[in-house]
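Chain and residue survey
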Amino acid sequence: MKPKNFNGVTVIGGGLAGCEAAFQLSLQKIPVQLIEMKPKKFTPAHKSSNLAELVCSNSLKSDSIDKAAGILKNEMIKLKSLVLEAAYKNKVSAGGALAVDREKFAQYITNKIYNNDYIEVINEEATEINFNNTNLIIIATGPMTSNSLAEEIENFIGMKSLAFYDSISPIVLYDSLDRSQFFKASRYEDGEGDYINCPLTKVEYVNFIESLNSAEKIDFHKFENPNYFEGCLPIEEMASRGLDTLRFGPMKPVGLTDPKTARRPYAVLQLRKENEAETMWNLVGFQTKMKIGDQKKVFSIIPALKNAEFLRFGSIHRNTYINSPGKIKNTLQAESNEKVFFAGQITGVEGYTESAAMGIVAGINAGRAFNKKPLYSFTKFSALGILLDYISNANSKELQPMNINLGLFGIEKPKKNIQIIQNNSKKAIDDFINREKYV
Ligand SMILES: Cc1cc2nc3c(=O)[nH]c(=O)nc-3n(C[C@H](O)[C@H](O)[C@H](O)COP(=O)(O)OP(=O)(O)OC[C@H]3O[C@@H](n4cnc5c(N)ncnc54)[C@H](O)[C@@H]3O)c2cc1C
């Protein structure tokens, strides 16, 4: 794109994040060019010519402040989220979830954006990032970013830093594990190691494999055609290759001795810590396409996980996202070019609300950059700050996209201590709004 005589911020992608970012910039009275390729060109998942299309479910998850998703929503509402304004105006009843009439929801946002004096919508595919242009850019092209732009982003952030499929293992809450059924150890090392090891007897293992084989799996979309790396196979694919495949793969017991039996277990599921506070533990190598209900059922066969609470379920799907640590700062500014910001699912968050939330932050910070103010880092006391910290500093070498969840807050027994989390969140956002006199 070659915007001429334009002094403002260019936002690429008119999805949930792009619309939030553009709207936040307009609140700061900053001109925006919003570049959206629809209706000229559609990704394989988008069908409507409206902006802010919900490509699958019509639910934005819970809005109860006793849930992490509700705490995040509360923060977004304080920051004048357009997505949540549209959601509440077009809500349909769905128990504890905030579900919407998707057509009316998208139409509401489309009208608000098109009628906004600060925003000009340009219906073009962006195929390059124009670095010669003096304007700031927010890239919010989502999990289905068009190929030519994806290539350009890959060149910009560095080869092998852009993923096209996510391969996600479930995460469980530490407090929900049965401590009498696991031991801590690292393979081939004495003493208490870094891993939680969940042993299975032969009977339990066989039962686990049989249940895995008969569990319901989610089909890939027509446009998805993942060629799995052998190191990244879903566990059900491994199980279908033979009874012992998992026992020689991610469930191998070698180098481990169960202190209860003083013997090597028949098979082991290892859990690796996901955060410093050790509240969240990742099921190592357990990426899966099982339906969520079946994930709960099948994993509960593993004794330590009998009553496990899942903070994130496993999944594998088409998803263009950046391996953000070292590439994107917690302000959503690119490490290598201060004119470029990223927003939405492409930053490594997962979910409609989380993507929109990243749009708000990118809009706030690109606005501050435009006004030559220092960028704002939301603290880890807020849900926004927790997500930003995760994507910019995740422990693992390969970032696995993350939804907001209570485990991320790093507080012991987060459900019991929910009030602390709620108060911290409220104070963190109020501080930002009051101190920075934000809109
Ligand atoms: C198939 C699928 C199903 C999903 N289902 C759910 C779900 O049920 N619940 C949930 O919470 N999350 C779901 N997600 C994850 C995620 O929350 C959504 O994809 C969410 O819409 C991401 O928001 P976004 O703003 O980052 O991207 P999007 O909402 O996808 O917006 C990106 C926009 O950029 C445009 N664009 C792309 N490339 C270019 C370009 N080169 N130039 C100009 N415009 C461009 C696209 O047309 C699109 O309008 C799903 C993801 C996928 C891929």
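Rules used in this analysis
Sequence order sets the numbering: in each chain, residues are counted from 1 along the sequence as written. With pLDDT at 70 or above as the cut-off, local features in this predicted model cover only qualifying residues; side-chain atom pairs require 80 or more to be listed or tallied, and sums for whole chains, interfaces and linings still use all residues. Each side-chain value is derived from all of the structure's non-hydrogen atoms; neither hydrogens nor water enter the calculation. For the purposes of this analysis, a disulfide is any pair of cysteine sulfur atoms at a distance within 2.5 Å. Partly exposed residues are those whose accessible area sits between 20% and 50% of the maximum for their type, while under 20% is buried and over 50% is exposed, using a 1.4 Å probe and protein chains only. We define a salt bridge as a contact between a side-chain nitrogen of Lys or Arg and a carboxyl oxygen of Asp or Glu at a distance within 4 Å. In this description a helix means any DSSP run of H or I spanning at least four residues, a strand means any run of E spanning at least two, and both kinds are numbered starting from the N terminus. Any residue with a non-hydrogen atom lying within 4 Å of a molecule or strand is treated as near it. For the purposes of these results, a polar contact is taken to be a pair of N or O atoms within 3.5 Å, where, inside protein, one atom must be able to donate a hydrogen and its partner to accept one; residues adjacent in sequence count only when each atom of the pair is a side-chain atom. Amino acid classes used here: Ala, Val, Leu, Ile, Met, Phe, Trp, Tyr, Cys and Pro are nonpolar; Asp, Glu, Lys and Arg are charged; the rest, including Gly, are polar. Charge convention: Lys and Arg are scored as positive, Asp and Glu as negative, and His as well as the terminal groups of each chain are ignored. In what follows, a contact means two residues having at least one pair of non-hydrogen atoms within 4.5 Å. Per the annotation, domain bounds derive from an automatic or database assignment of domains. For any pair of parts, buried area is found by adding up, for both, the accessible area (1.4 Å probe) each one loses once the two are put together.

Considerations on the state of the cysteines
All told, the structure shown has zero disulfides when counted by the stated rule. There is no disulfide at Cys19, and the cysteine sulfur nearest it, in Cys56, is 19 Å away. Taking the relative accessible area as the measure of exposure, Cys19 reaches 0% and is therefore buried.

Points about the pattern of salt bridges
Within this structure, the stated rule accounts for 19 salt bridges. Between Glu53 and Lys38 there is a salt bridge, with the nearest N and O atoms lying 2.7 Å from each other. With Glu53 in the loop between β2 (32–35) and β3 (59–62) and Lys38 in the loop between β2 and β3, the pair connects residues that are 15 residues apart, well separated along the chain. Between Glu309 and Lys415 there is a salt bridge; the shortest N-O distance is 2.7 Å. Taken together, the residues Glu309 in the loop between α8 (292–299) and β14 (310–312) and Lys415 in the loop between α10 (383–393) and α11 (418–435) connect sequence positions 106 residues apart. Counted as one network, the salt bridges with shared partners bring together Lys78, Lys426 and Asp430.

Focus on the site of the ligand
The environment of the ligand is formed by 34 residues, the closest being Glu36, Ser146, Gln345, Gly351 and Tyr352. Between the ligand and Ser146, the relevant distance is 2.8 Å, taken from a nitrogen atom to a side-chain nitrogen or oxygen of the residue. Gln345 is positioned such that a nitrogen or oxygen atom in its backbone is 2.9 Å from an oxygen atom of the ligand. Those elements giving two or more residues to the shell around the ligand turn out to be α1 (16–27) and α9 (352–370). Along the lines of polarity and charge, the residues of the shell around the ligand split into 14 nonpolar, 15 polar and five charged.

A look at the side chain of Arg312
Its location among the elements puts Arg312 in strand β14. No salt bridge is formed by the buried Arg312, whose closest oppositely charged neighbour, Glu274, lies at an N-O distance of 5.0 Å. In this structure the side chain of Arg312 is engaged in a polar contact, spanning 2.8 Å, whose partner is the backbone oxygen of Ser169. The residues contacting Arg312, other than those within four sequence positions of it, are Ile168, Ser169, Pro170, Ile171, Asn282, Tyr390, Gln400, Pro401, Met402 and Asn403.

Quick look at the domain arrangement of the protein chain
As a measure of interface size, the accessible area lost when the parts come together is often cited. Taken domain by domain, the protein chain consists of domain 1 (9–166 + 317–435) and domain 2 (171–313). Computed over C-alpha atoms, the centres of domain 1 and domain 2 are 32 Å apart. Taken together, the contact pairs 22 residues of domain 1 with 17 residues of domain 2. Counting each side, the surface lost to burial between domain 1 and domain 2 is near 1600 Å², with a carbon and sulfur contribution of 54%. Taken together, the links from domain 1 to domain 2 amount to eight residue pairs in polar contact (both at pLDDT 80 or more). Its residues placed into classes, the side of domain 1 that touches domain 2 shows eleven nonpolar, seven polar and four charged.

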